[in-house]
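Here is what each chain is made of, one letter per residue.
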Amino acid sequence: MVVPMPEEADRELSDLEDQVRLDGVRLAARTLEHHLTNHLTLTVGYAELIAEDPELPERLREMARQVLESAQAAVESVRRVRQVDKVTLVDQGIPGGPLIELSPRREW
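Residues numbered from 1 in each chain as written. Predicted model: local features only at pLDDT ≥ 70, side-chain atom pairs only at ≥ 80, totals over all residues. Heavy atoms only, no water.

Asker: Tell me about the side chain of E33, and name the residues and values.
Answerer: Inspection of the secondary structure assignment puts E33 in helix α1 (residues 7–52). Not counting the four nearest positions on each side in its chain, E33 is found in contact with V78, R79 and R82. (Helix = DSSP H or I, 4+ residues; strand = E, 2+ residues; numbered from the N terminus. Contact = heavy atoms within 4.5 Å.)

Here's what the structure looks like:
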């Protein structure tokens with residue numbers, strides 16, 4: 001015999017599952033941000049030194065500025081995941097399956 005759950009209980013269960021999923025995403029984001037920031041600290045430090053060294057060729061300094069911008073963008077992308085308030089999966093047709101849409105509570 002199957003006892004149907006009231007709609008309200010079904011909704012509460014769905015909301016709880018969404019919250020658990022969101023908590024998991026935020027935990028993964030915090031962990032990744034910590035590790036990524038630690039790894040990129042050296043990259044950012046050296047890129048800043050190279051970008052500001054007037055004795056180096058301008059082409060090399062420009063490349064260092066691009067490395068610096070890319071490293072900072074990588075950390076910012078992970079920070080954005082921490083601000084997600086709803087987990088929405090988006091299929092972008094890439095191998096491995098869907099991605100999480102970064103839909104934060106506020107504008108970036």
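Asker: For helix α2 (residues 58–82), give the residues involved together with the corresponding values.
Answerer: Over its 25 residues, α2 runs 37 Å from end to end, which matches the ideal 36 Å to within 8%, given 1.5 Å per residue. Within α2 the residues assigned to the buried category are R61, A64, L68, A71, V75 and V78. Contacts made by the buried residues of α2 are with α1. (Expected span 1.5 Å × (residues − 1). Buried < 20%, exposed > 50% of the residue type's maximum accessible area, 1.4 Å probe, protein only.)

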